[in-house]
Amino acid sequence: AMNMAITGSGSLGIAELLGIPFIQEVTCGYKAIQRFLPEASVIIEIGGEDSKITFLDHGVDQKMNGICAGGTGAFIDQMSLLLNTDANGLNTLAQSHNAIYPIAARCGVFAKTDIQPLLSEGAPKEDIAASIFQAVVNQTISGLAGGRLIQGKVIFLGGPLRFLPELRKRFQETLGLSDHQTILPNHAEVYVAIGAALEAARMQPSILLRLQDLVARLDHNPLN
């Protein structure tokens, strides 16, 4: 038997359906950072559908973009299609860039309006790729930091920051952060899930669930 909890976008309904405790993302992320990276000052997290900045200098103050996909992994995927590639291909292109163009990341429609003329005018795809990452950075900082300084030990979390080093580089250069000021922890793409596991481990034994019981609940309440 084991303790189990669930977190993340869309998981509340699954928690209710399967009788598994639901824990808010901000709690899970903070618990994982508190356990493994207590020196953290700021957390920058880019997810597939939202982005977050969490300040830890005076308690926990999290700012989140959950309204639209602007500046998220979904935005990066959408923009990469304009260059006939994927997120990894975008990262490879950005490694050889020479210039950065202004691109709006608040909305995919606006960004496409900025990118299409660049393509028509023959701008190097390498420069456009780096500019897309820079747009994500600009949107995250301007939309979420609220004028607060991002300094101290900055933690990068989420799939895009884990798998796209050129995106991390854009954040570092924009914020003036040295390598020793930034940390990309192991398993950064699932750090919130790690926090959920830590919280589940603290729950009362009455929450214990056998794997075969969970499978039976899934069979009785298929998620599809």
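Predicted, not measured: the structure shown is a model, and the values here were computed from it.

What's the story with the overall build of the protein chain in this structure? I'm lost.
Across its full length, the protein chain holds 10 helices and 5 strands. Its C-alpha atoms give the protein chain principal-axis dimensions of roughly 65 × 40 × 25 Å. Put simply, the protein chain has 224 residues, and 44% of those count as buried. In the protein chain, once contacts between residues fewer than 6 apart in sequence are set aside, the share between residues at least 24 apart is 69%. Accessible area for the protein chain stands at about 11,400 Å²; split by element, carbon and sulfur atoms hold 52% of it. Of the side chains in the protein chain, 16 bear a positive and 21 a negative charge, and the two mean positions are spaced by 5 Å.

Quick question: what am I supposed to make of the pattern of salt bridges here?
Should their charged atoms come close, side chains of opposite charge can pair. A full pass over the atoms with the stated rule returns 10 salt bridges. The partner of Glu-25 in a salt bridge is Lys-52, and the shortest N-O contact between them spans 3.0 Å. Remark: Lys-52 occurs in strand S2 (residues 51-55) and Glu-25 occurs in helix H2 (residues 25-36); sequence separation between them is 27 residues. Residue Lys-52 is joined to Glu-45 by a salt bridge in which the shortest nitrogen-to-oxygen separation is 3.6 Å. Given a relative accessible area of 12%, Glu-45 falls into the buried group. Each of Glu-25, Glu-45, Asp-50 and Lys-52 takes part in one network of salt bridges that share partners.

Where do I start with unusual backbone geometry in this structure?
Most peptide bonds take the trans form, and the phi angle of most residues other than glycine is negative. Backbone geometry places Asn-84, a non-glycine residue, at a positive phi of 55°. Take Asn-84: its relative accessible area is 68%, and that puts it in the exposed class. One non-glycine residue, His-187, adopts positive backbone phi at about 60°. Residue position: His-187 is located in the loop between strand S5 (182-183) and helix H9 (191-201).

Can you help me understand helix H5 (residues 108-120) in this one?
Owing to its 3.6 residues per turn, the α-helix brings residues three or four apart onto one side. Compared with the 18 Å implied by 1.5 Å per residue over 13 residues, the 18 Å span of H5 between its first and last C-alpha is a close match. Of all the positions in H5, only Gly-108, Ala-111, Ile-115 and Leu-118 are classed as buried. With its buried residues spanning 90° around the axis, H5 presents them on a single face. Opposite the buried face of H5, at more than 90 degrees from it, the exposed residues are Val-109, Thr-113 and Ser-120. Residues of H5 that are buried in the fold lie against helix H3 (73-82) and helix H6 (125-144). At the C-terminal side of H5, Gly-122 shows a positive phi close to 85°.

Before we go on, may I ask you to explain the environment of Ile-132 in this structure?
In this fold, Ile-132 is placed in helix H6. A relative accessible area of 0% means that Ile-132 is categorised as buried. C-alpha of Ile-132 to C-alpha of Leu-167: the two residues are 35 residues apart in sequence and 9.1 Å apart in space.

I'm lost on the nonpolar core in this one. Help?
Most often, soluble globular proteins keep nonpolar side chains buried together rather than apart. Formed by 39 residues in total, the largest nonpolar core has its most connected members in Ile-44, Ile-53, Ile-76, Ile-132, Ile-150, Leu-167 and Phe-171. Broken down by secondary-structure element, the contributors of at least two residues to this core are strand S1 (42-46), S2, H3, helix H4 (87-94), H5, H6, strand S4 (154-157) and helix H8 (165-175). Counting residues per element, this core draws most heavily on H6, at 10 residues. Apart from residues no more than four positions distant in its own chain, Ile-76 is found in contact with Ala-87, Leu-90, Phe-133, Val-136, Pro-160, Leu-164 and Leu-167. Membership of the second largest hydrophobic core comes to 11 residues, among which are Leu-37, Leu-157, Ile-183 and Ala-188.

How should I be thinking about H4 in this particular structure?
Where burial is concerned, most of H4 is hidden: 6 out of the 8 residues are buried. All of the buried residues in H4 are Ala-87, Gly-89, Leu-90, Asn-91, Leu-93 and Ala-94. Residues of H4 that are buried make contact with H3, H6 and H8. Its side-chain oxygen placed 3.3 Å from the backbone nitrogen of Asn-88, Asp-86 serves as the N-cap of H4.

Can you walk me through the pairing of S1 in this structure?
As a general feature of sheets, a regular strand has side chains that alternate between the two faces. For S1, the buried fraction is high: 5 of the 5 residues fall into the buried class. In S1, alternate side chains face the same way, and those of Val-42, Ile-44 and Ile-46 on one face and Ile-43 and Glu-45 on the other are all buried. Pairing of S1 with S2, which is carried by 5 bridges, proceeds in the antiparallel orientation. Counted as the bridge partner of Ile-46 is Ser-51 from S2.

What counts and how
Residues numbered from 1 in each chain as written. Predicted model: local features only at pLDDT ≥ 70, side-chain atom pairs only at ≥ 80, totals over all residues. Heavy atoms only, no water. Helix = DSSP H or I, 4+ residues; strand = E, 2+ residues; numbered from the N terminus. Buried < 20%, exposed > 50% of the residue type's maximum accessible area, 1.4 Å probe, protein only. Contact = heavy atoms within 4.5 Å. Areas by Shrake-Rupley, 256 points an atom, 1.4 Å probe, with all protein chains shown as cover. Lys, Arg positive; Asp, Glu negative; His and termini not counted. Charge placed at Lys NZ, Arg CZ, Asp CG, Glu CD. Salt bridge = Lys/Arg side-chain N within 4 Å of Asp/Glu carboxyl O. Expected span 1.5 Å × (residues − 1). Arc of directions from axis to C-beta. Core = buried A, V, L, I, M, F, W, Y, C linked by side-chain atoms within 4.5 Å. Polar contact = N/O pair within 3.5 Å; in protein donor to acceptor, adjacent residues only side chain to side chain. Pairing = 2+ DSSP bridges.

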